[in-house]
Amino acid sequence: MQAYINIKSIVQTNRGKVAVRGENMAFLPTIDDGFLLIDNKKIVDFGSMSVFDFEKNHEIIDCTDRYILPTYCDSHTHVVFAATREAELLQRLKGASYLEIAAAGGGILNSALRLQTCDEQQLYDDAFYRIEKMIQTGTGAIEIKSGYGLSVDAELKMLRVIRKLKENLTLPIKATLLAAHAFPAIYKSNRAAYVALIIDQILPQCVDAGLVDYCDAFVENGFFTVAEADQIFEKASALNIKIKVHANQLSNSGGVKLGVGYNATSVDHLEHLDAEDYRLLSGSDTVATLLPSAAFFLNDSMPDAIELIKNNAIVALASDYNPGTSPSGNMNFVNSLAAIKMKMTTEMCINASTINGAFAMDVHHQLGSIDIGKNASFIITEKIQSIDAMPYSFGSPSIYKVII
Ligand code: NIG
Ligand code: FE
């Protein structure tokens, strides 16, 4: 049994399995001067040092002046990809928009082309390396999307890579089928045929192979319409697969309304919302997942996190790690952006990136808070003055150690 003792403060305790919303977002339950007991990779006890039993034969780890908080649950990534796309950054600096680059065959289609010819082992090795770095910056669970395959074979290939990552890494991973990420060039003038391919072949084959936890679609001008995504989600629901949506990123695409209608696990991005979207999210358990590093990288407006919180939505934060709009999986940076650009307090940031992120990928029974019975998956901070140092230190995270 390991005993972490003299912890300056244990942050995010006793949240159980419930998401945090509304006024509770401004609050983080903590225990000052605490101890945390770990046995067999589970949290077995925690509390105030005043009741710690020094008589028992524990392996002692002293945490004087350090905080402990649960690891981040990054519920939206595209971390399996074949190549970076820094050339697109230069194109954007010269004035091209993300949509223009995509329409000219760059963007997602460029990634799809590279992935089709990339060796499966290489894809796995590269993703493994990226995830190891994410763990170092405090991430303890990730969702990974397909969507750079865009054919039966290549989507299966991506999902097999994700399965192998699940098998070989100790952190929980969820797999999302995102065949509806972009229309392959050969289907540009026959969109219905690609939607039919997804419904009749890609979805059922990937689900049959046991490779899919969620189904997602990019609902946006130039990508999938609400009607097209609706057909795909209907099929996914018939196969008992839960829904996530890339919604309202570049315009008010109708993705939020569609997702909430399907009781989606989450609707993600949300840069462009109307009053009806806020109303729907306020009464729903669908998580509103914000991806500020994508808005930052595209130099777009940020989602209105405070308005969502005021409206009682369940707000989560995720990295959207991908080669086109967010080439970083650093959740500390995401929290810093959330604070600086969206005015989220440290309490809101940590609630959004721990327990609510866990809720957005259905790992809240194991992760997202310091609770007895949950996984021993936590961050030990540097010797910091207050927990506000986490969003404050945006360039070099105040992390001493990550225990997975
Ligand atoms: O979440 N918006 C769509 N999908 C990704 C970007 C994918 C890419 O450009 O490769 C996103 O931002
Ligand atoms: Fe994304």
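Keep in mind it's a predicted model, so treat the numbers as computed, not measured. (Residues numbered from 1 in each chain as written. Chains lettered and ligands numbered in written order. Predicted model: local features only at pLDDT ≥ 70, side-chain atom pairs only at ≥ 80, totals over all residues. Heavy atoms only, no water.)

1. Description of helix 6 (residues 191-208)
- With 18 residues, helix 6 ought to run about 26 Å at 1.5 Å a step, and its terminal C-alpha atoms sit 25 Å apart, in line with that.
- Within helix 6, the axis deviates most sharply at I198, by approximately 40°.
- Within the sequence span of helix 6, burial applies to Y194, V195, L197, I198, I199, I202, L203, P204, C206 and V207.
- Each element contacted by the buried residues of helix 6 is listed here: helix 5 (152-168), strand 8 (173-180) and helix 7 (226-238).
- Taken from the residues just after helix 6, G210 is the one with a positive phi, measuring 75°. (Helix = DSSP H or I, 4+ residues; strand = E, 2+ residues; numbered from the N terminus. Expected span 1.5 Å × (residues − 1). Bend = angle between axes of the 7 residues up to and from the residue. Buried < 20%, exposed > 50% of the residue type's maximum accessible area, 1.4 Å probe, protein only. Contact = heavy atoms within 4.5 Å.)

2. Observations regarding the site of ligand 1
- Taken together, 15 residues lie near ligand 1, and R85, Y98, Y148, Q249 and T325 sit nearest.
- Within the side chain of H78, an N or O atom sits 3.4 Å from an oxygen atom of ligand 1.
- One of the side-chain N or O atoms of T325 is found 2.6 Å from an oxygen atom in ligand 1.
- Within the complex, the protein chains bury 100% of what would otherwise be the 330 Å² of accessible surface of ligand 1. (Near = heavy atom within 4 Å. Polar contact = N/O pair within 3.5 Å; in protein donor to acceptor, adjacent residues only side chain to side chain. Areas by Shrake-Rupley, 256 points an atom, 1.4 Å probe, with all protein chains shown as cover.)

3. Quick look at the pairing of strand 7 (residues 139-145)
- Most of strand 7 sits inside the fold, with seven of its seven residues counted as buried.
- Two strands pair when backbone bridges link them, and strand 6 (residues 72-74) and strand 7 are joined in this way by three bridges, in the parallel orientation. Looking at the pairing, C73 lines up with A141 of strand 7.
- Sheet topology places strand 7 next to strand 8; four bridges connect them, and they run parallel. Residue pairing in the sheet places E143 in a bridge with K174 of strand 8. (Pairing = 2+ DSSP bridges.)

4. As for unusual backbone geometry
- Even without being glycine, D65 reaches a positive phi, approximately 70°.
- By secondary structure assignment, the location of D65 is in the loop between strand 4 (59-62) and strand 5 (66-70).
- Take D65: its relative accessible area is 39%, and that puts it in the partly exposed class.
- The backbone of L150 shows a phi angle near 65°, a positive value even though the residue is not glycine.
- Its location among the elements puts L150 in the loop between strand 7 and helix 5.
- Taking the relative accessible area as the measure of exposure, L150 reaches 5% and is therefore buried.

5. A word on the nonpolar core
- In terms of nonpolar packing, the biggest core is built from 108 residues, with I131, L165, Y194, I232, L270, L308 and M344 touching the most fellow members.
- The dominant element in this core, judged by the number of residues it contributes, is helix 6, at nine residues.
- In contact with L165, not counting residues within four places along its chain, are V80, Y124, A127, F128, I131, I144 and I173.
- Y4, I31, L36 and F46 belong to the second-largest nonpolar core, a separate cluster that totals 14 residues. (Core = buried A, V, L, I, M, F, W, Y, C linked by side-chain atoms within 4.5 Å.)

6. Section: the environment of N6
- Its location among the elements puts N6 in strand 1 (residues 2-11).
- Residue classification places N6 among the partly exposed positions, given a relative accessible area of 28%.
- Discounting residues that sit within four places of it in the chain, N6 has contacts with D33, G34, M49, D62, C63, T64 and D65.
- Only 2.7 Å separates the side chain of N6 from the side chain of D62, close enough to count as a polar contact.

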